[in-house]
Amino acid sequence: MIALRHELAVYAASGLGVLMLAIWSADFRHGPFFKEDGVVELTAALLFLAALIVGLYRRLYKTAIGFAFCNLALLACLSEISFGARHLGFSMPAMTGGGELDGVQDLVMIAYRMLVAQGILPVIGLALIILPISIAIWVYRFGYAVWLLAWLKADNGRSTIAAALTVIGLAVVLDVLEAARFAEETLELIGAALFVTAALRLNRGFERARARAGSAE
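In this text, all values refer to a predicted model and were calculated from it rather than measured experimentally. (Residues numbered from 1 in each chain as written. Predicted model: local features only at pLDDT ≥ 70, side-chain atom pairs only at ≥ 80, totals over all residues. Heavy atoms only, no water.)

**Some remarks on the environment of F34**
The topology assignment puts F34 in the loop between helix 2 (26-30) and helix 3 (39-57). Note: C-alpha distance between F34 and F182 (148 residues apart in sequence) is 5.7 Å. (Helix = DSSP H or I, 4+ residues; strand = E, 2+ residues; numbered from the N terminus.)

Here's what the structure looks like:
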């Protein structure tokens, strides 16, 4: 079986390859690949849907993390297709400042625009930088870092979900800043591929234990 680090390397190399093609060709960047409902976006939606189907088939929803994973896969899939608005011919609510509320990431966009309008974005931005650093110091200081690493290593699916959420988080940042759409869509595609990997890997320890119990009987 291919190790997780090898899978991540394949995803990273694929993403970089797409980015290089996009940078090399303006037509590629603005053509059918990265437009709304384009090839990349629809592929990501199908991958999120595949992750959900695999999760339901494997009954991952029976655990807390699996239940959260299935719901995230569903929300991500619906966000990629704007909850079916364009395909079914209805309109989503308009957002202040432009655009429609047709994805979960748009909630971050709304918050961002509100902070900009009120002039407190620098203060909140500084807090968002200091808070994670403070939490990391606290986790390390009181020995929770070892527990967290052990928890992630106990199931390869957990670390894959963490990687997927990190990649998707970067895509959300690019979306909020309304910059480099081709990079945003590529990151979402990589995140979707990681979701499928997580759906296949998550909770394997439980399945092995169940298989051993069945063979013992």
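Back to the write-up after that little detour.
**Re the nonpolar core**
Counting 24 residues, the largest nonpolar core has F48, A51, F69 and F195 as its most contacted members. Secondary structure elements with two or more residues in this core: helix 3, helix 4 (64-80), helix 9 (156-177) and helix 10 (181-201). For this core, the element with the highest residue contribution is helix 10, accounting for seven residues. Sequence-distant contacts of F195, defined by excluding residues within four places in its chain, comprise F48, A51, F69, L72, A73, A164, L165 and I168. (Core = buried A, V, L, I, M, F, W, Y, C linked by side-chain atoms within 4.5 Å. Buried < 20%, exposed > 50% of the residue type's maximum accessible area, 1.4 Å probe, protein only. Contact = heavy atoms within 4.5 Å.)

**Some points on the packing of helix 6 (residues 105-118) against helix 9**
Packing of helix 6 against helix 9 brings their axes to within 9 Å, and their N-to-C directions diverge by 50°. Between helix 6 and helix 9, the angle is such that the two are oblique. Crossing of helix 6 against helix 9: the hand is right-handed. Note on element contacts: helix 9 touches helix 6 through V172, D175, V176 and L177, opposite Q105, D106, V108, M109 and Y112. Classifying every residue of the contact of helix 6 with helix 9 by side-chain character gives six nonpolar, one polar and two charged. (Axes fitted to C-alpha atoms, helices over the stretch in contact; angles between N-to-C directions. Parallel < 35°, antiparallel > 145°, perpendicular 65-115°, else oblique. Left-handed = near helix turned anticlockwise from the far one by under 90°. Nonpolar A, V, L, I, M, F, W, Y, C, P; charged D, E, K, R; others polar.)

**A short note on the packing of aromatic side chains**
Scanning the entire structure with this criterion turns up two aromatic pairs. Ring centres 5.3 Å apart and planes at 80° place the aromatic pair F48 and F195 in the edge-to-face group. In this pair, F48 sits in helix 3 while F195 sits in helix 10, placing the two residues 147 residues apart along the sequence. Like F195, F48 is buried. With a centroid separation of 5.0 Å and 20° between ring planes, the pair formed by F69 and F195 is classed as stacked. Taken as a pair, F69 in helix 4 and F195 in helix 10 lie far apart in primary sequence, 126 residues in all. (Phe/Tyr/Trp six-rings, centres within 6.5 Å; stacked < 30°, edge-to-face > 60°.)

**Considerations on helix 6**
Taking 1.5 Å of rise per residue, 14 residues should cover 20 Å, and helix 6 covers 20 Å from first to last C-alpha, within 8% of that figure. Among the residues of helix 6, Q105, D106 and M109 are the ones counted as buried. Seen from one end, helix 6 has its buried residues packed into an arc of 95°, which puts them on one side. Residues of helix 6 that are exposed and point over 90 degrees away from its buried face: L107 and Q118. Elements in contact with the buried residues of helix 6: helix 4 and helix 9. Directly after helix 6, the chain includes G119, whose backbone phi takes a positive value near 75°. (Expected span 1.5 Å × (residues − 1). Arc of directions from axis to C-beta.)

**A look at the side chain of E188**
Here E188 lies in helix 10. We classify E188 as buried; its relative accessible area is 9%. Excluding its chain neighbours within four sequence positions, the residues that come into contact with E188 are A44, F48, E80 and A171.

**Some words on the packing of helix 4 against helix 10**
Put simply, helix 4 and helix 10 touch, their axes get as near as 11 Å, and they point 150° apart. Accordingly, the angle class assigned to the pair helix 4 and helix 10 is roughly antiparallel. Crossing handedness for the pair helix 4 and helix 10: left-handed. For the pair helix 4 and helix 10, the contacting residues are F69, L72, A73 and E80 in the first and E185, E188, F195, A198 and A199 in the second. Residue composition of the contact of helix 4 with helix 10, grouped by class: six nonpolar, no polar and three charged.

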